[in-house]
Amino acid sequence: MEVFSKSYLEEVVENQGKLFEYAEEHWPGMDVADFIEAYMKSHTRAMIDKGQPYVCTMDAENLFEYFLEYEKYEPKPGKAAGGFAPNWIGQFYALFQWVYGISSKEVLKLLPTEFMFAAYPGAHDLDLYLAVHKVGEQCGLKAPENSGGLGRKDI
């Protein structure tokens, strides 16, 4: 799968982390895992996968409002994650999707939110690229050659 341009990488990674954190903070009592799953499966995220500049450059607050309106998502009550976990998971998912060139829906199938929340305590202290690489290896994904072992030739 062709993924968004490297020129958007830092912005998308940072904003997706902030989006997941913002969602939980903006909607207290929200089931943040449900929000993450709905977002990762959404048309909005698929547009980012494909590099649509309009959504790739939105900040977290605007992306949250856009997602709620465009996808008609209704936040569900549930368990809040708290802390930095939603932000880290958002960053991880975005970088993993880009490095391995798979859709966000496929990322979610490989790495369900339950796994990510369980992995967070041990993985969040690693450099994000290293964490992505280690988890990718555990999933049986092979980084393309000449990529520094991280997945993409143009990292």
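About the criteria used
Residues numbered from 1 in each chain as written. Predicted model: local features only at pLDDT ≥ 70, side-chain atom pairs only at ≥ 80, totals over all residues. Heavy atoms only, no water. Helix = DSSP H or I, 4+ residues; strand = E, 2+ residues; numbered from the N terminus. Rg over C-alpha atoms; globule rule 2.2 N^0.38 Å. Contact = heavy atoms within 4.5 Å. Areas by Shrake-Rupley, 256 points an atom, 1.4 Å probe, with all protein chains shown as cover. Lys, Arg positive; Asp, Glu negative; His and termini not counted. Charge placed at Lys NZ, Arg CZ, Asp CG, Glu CD. Salt bridge = Lys/Arg side-chain N within 4 Å of Asp/Glu carboxyl O. Buried < 20%, exposed > 50% of the residue type's maximum accessible area, 1.4 Å probe, protein only. pLDDT = per-residue confidence, 0-100. 1 Å grid on protein atoms, 1.4 Å probe; cavity = no way out; pocket = protein on both sides within 12 Å on 5 of 7 lines; lining within 4 Å. Points joined across faces, edges and corners; volume = space filled by probe spheres on them.

1. Quick look at the overall build of the protein
Counting its secondary structure elements, the protein contains 9 helices and 0 strands. Its helices and strands taken in sequence order, the protein reads α-α-α-α-α-α-α-α-α from the N to the C terminus. At 15 Å, the protein has a C-alpha radius of gyration in line with the 15 Å of a compact globule built from 155 residues. Summarising its shape, the C-alpha atoms of the protein cover approximately 45 × 35 × 20 Å along the three principal directions. Partitioning the contacts of the protein with sequence separation of at least 6, the portion at a separation of at least 24 is 75%. Of the roughly 7,800 Å² that the protein leaves accessible, carbon and sulfur atoms contribute 52%. Side chains of the protein give 14 positive and 24 negative charges; the mean places of these two sets differ by 7 Å.

2. What to know about the pattern of salt bridges
Under the criterion given, the structure shown has 4 salt bridges. The shortest N-O distance in the salt bridge between K109 and E106 comes to 3.3 Å. A residue pair is termed a helical-turn pair when its members lie 3 or 4 positions apart in one helix, as K109 and E106 do in helix α7 (residues 104–110) at 3 residues. A relative accessible area of 64% means that K109 is categorised as exposed.

3. What to know about the confidence of the model for the protein
Counting all residues, the mean pLDDT for the protein is 89, and 90% of those residues have values of 70 or more. Predicted confidence for residues 146–155 stays below pLDDT 50, and this span has 24 contacts to residues more than four positions away or in other chains.

4. As for empty space enclosed by the protein
For the structure shown, the criterion picks out 1 cavity of 30 Å³ or more. Counted as a void, the largest cavity has a volume near 40 Å³. What lines the largest cavity is V12, N15, Q16, I48, V55, C56, M58 and L63. If you list the elements that add at least two residues to the lining of the largest cavity, you get α1 (9–26) and α4 (53–56).

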